[in-house]
Amino acid sequence: MAERTLRGARLGGQSFEDERGIEFAARQQVGYACPQGHEFEITMSVEADVPALWECPRCGAEALSTSGIQPEVKAEKPARTHWDMLLERRSKEELEELLQERMDLIKSRRRG
Ligand SMILES: [Zn+2]
């Protein structure tokens, strides 16, 4: 019974632990501003990866974080075409060889 009284004494205190001693996840307010000038805040865990962009709840535009987080730069690399990817795996000579093989196959099929 003594133990219970002790625990009860802590109720209403400023402790950020629950009775099992687990700390509540800390939260943060992350501000965003969209191109239309709408500003809003999103509450997220401090451990969360804060996204640089968030969809504006008012107009649906991409709102940028006001805390200075920059969106990842993806446009650095030129877009790779299927042809580029193919060339990374095979040399042109190999491709020509493969093409020839295919052509021969098609021809032999047509023949019958
Ligand atoms: Zn907006």
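Up top is the structure these notes are about.
Below, the structure is looked at part by part. Here, residues in each chain are numbered from 1, in the same order as that chain's written sequence. With the structure being a predicted model, the display of local features is reserved for residues of pLDDT at least 70 and the display and counting of side-chain atom pairs for 80 or more, all residues being used for whole-chain, interface and lining totals. Side-chain descriptors were evaluated using all non-hydrogen atoms of the structure, hydrogens and water having been removed beforehand.

**With respect to the coordination of the zinc ion**
- Coordinating N, O and S atoms are those within 2.8 Å of the metal (3.2 Å for Na, K and Ca), and as water is not part of the atoms, a site may appear to have fewer donors than expected. In this structure, Cys34 (SG), His38 (ND1), Cys56 (SG) and Cys59 (SG) serve as the protein donors to the zinc ion, at separations of 2.0 to 2.3 Å.
- Relative to the metal, the four donor atoms surrounding the zinc ion lie at angles of 106 to 114°, and the coordination shape comes out tetrahedral.
- Mapped onto the sequence, the residues coordinating the zinc ion show the spacing C-x3-H-x17-C-x2-C. Of this pair, Cys34 sits in the loop between strand S1 (27–33) and strand S2 (39–45) while Cys59 sits in the loop between strand S3 (53–55) and strand S4 (62–65), placing them 25 residues apart in sequence.
- Only protein chains enter the accessibility calculation, which uses a 1.4 Å probe; a residue is then buried when its area is under 20% of its type maximum, exposed when over 50%, and partly exposed in between. Assessed through its relative accessible area of 38%, Cys59 is described here as partly exposed. In this scheme the shape depends on donor count and angles: four donors with every angle between 85 and 135 degrees give tetrahedral, four or six donors with opposite pairs above 155 degrees and others between 65 and 115 give square planar or octahedral in turn, and any other case is irregular. A run of H or I in DSSP becomes a helix once it reaches four residues, and a run of E becomes a strand once it reaches two; helices and strands are each numbered from the N terminus.

**Quick look at a negative patch on the surface**
- Every patch collects residues that have over 30% relative accessible area and no salt bridge, joining them within 9 Å if they carry like charges and within 5 Å if they are nonpolar side chains (Val, Leu, Ile, Met, Phe, Trp, Tyr). Each accessible area value is a Shrake-Rupley result obtained with a 1.4 Å probe; residue values ignore everything except the protein chains displayed when judging cover. In what follows, salt bridge is the name for a side-chain nitrogen of Lys or Arg lying within 4 Å of a carboxyl oxygen of Asp or Glu. When charges are tallied, Lys and Arg are placed among the positive residues and Asp and Glu among the negative ones, while His and the ends of the chain are skipped. Here the site of a charge means atom NZ of a Lys, CZ of an Arg, CG of an Asp or CD of a Glu. A cluster of acidic residues, Glu93, Glu94, Glu96, Glu97, Glu101 and Asp104, forms a negative patch at the surface.
- Among the secondary structure elements, Glu97 is positioned in helix H3 (residues 92–111).
- Overall, Glu97 belongs to the exposed group, its relative accessible area being 53%.

**A few points about the side chain of Ser45**
- Its location among the elements puts Ser45 in strand S2.
- With a relative accessible area of 18%, Ser45 lands in the buried category.
- Throughout, a contact is declared for two residues whenever any of their heavy atoms are within 4.5 Å. Setting aside its immediate chain neighbours within four residues, Ser45 contacts Ala26, Arg27 and Gln28.

**Brief notes about the pattern of salt bridges**
- By the definition in use, this model includes one salt bridge.
- Of the charged contacts, one joins Glu88 and Arg80 as a salt bridge, the two residues approaching to 2.6 Å between their closest N and O atoms.

**Side note on the packing of aromatic side chains**
- Two rings from Phe, Tyr or Trp (for Trp, the six-membered ring) form a pair when their centres sit within 6.5 Å of each other. Planes less than 30 degrees apart are called stacked, planes more than 60 degrees apart edge-to-face, and all others tilted. Applying the stated criterion to the full structure yields two aromatic pairs.
- Plain terms: the ring middles of Tyr32 and Phe40 are 5.8 Å apart, the flat faces sit at 20° to each other, and that makes the pair stacked. Each of the two residues, Tyr32 as well as Phe40, counts as buried.
- Three or more aromatic residues joined by ring pairs form one cluster here, namely Tyr32, Phe40 and Trp54.

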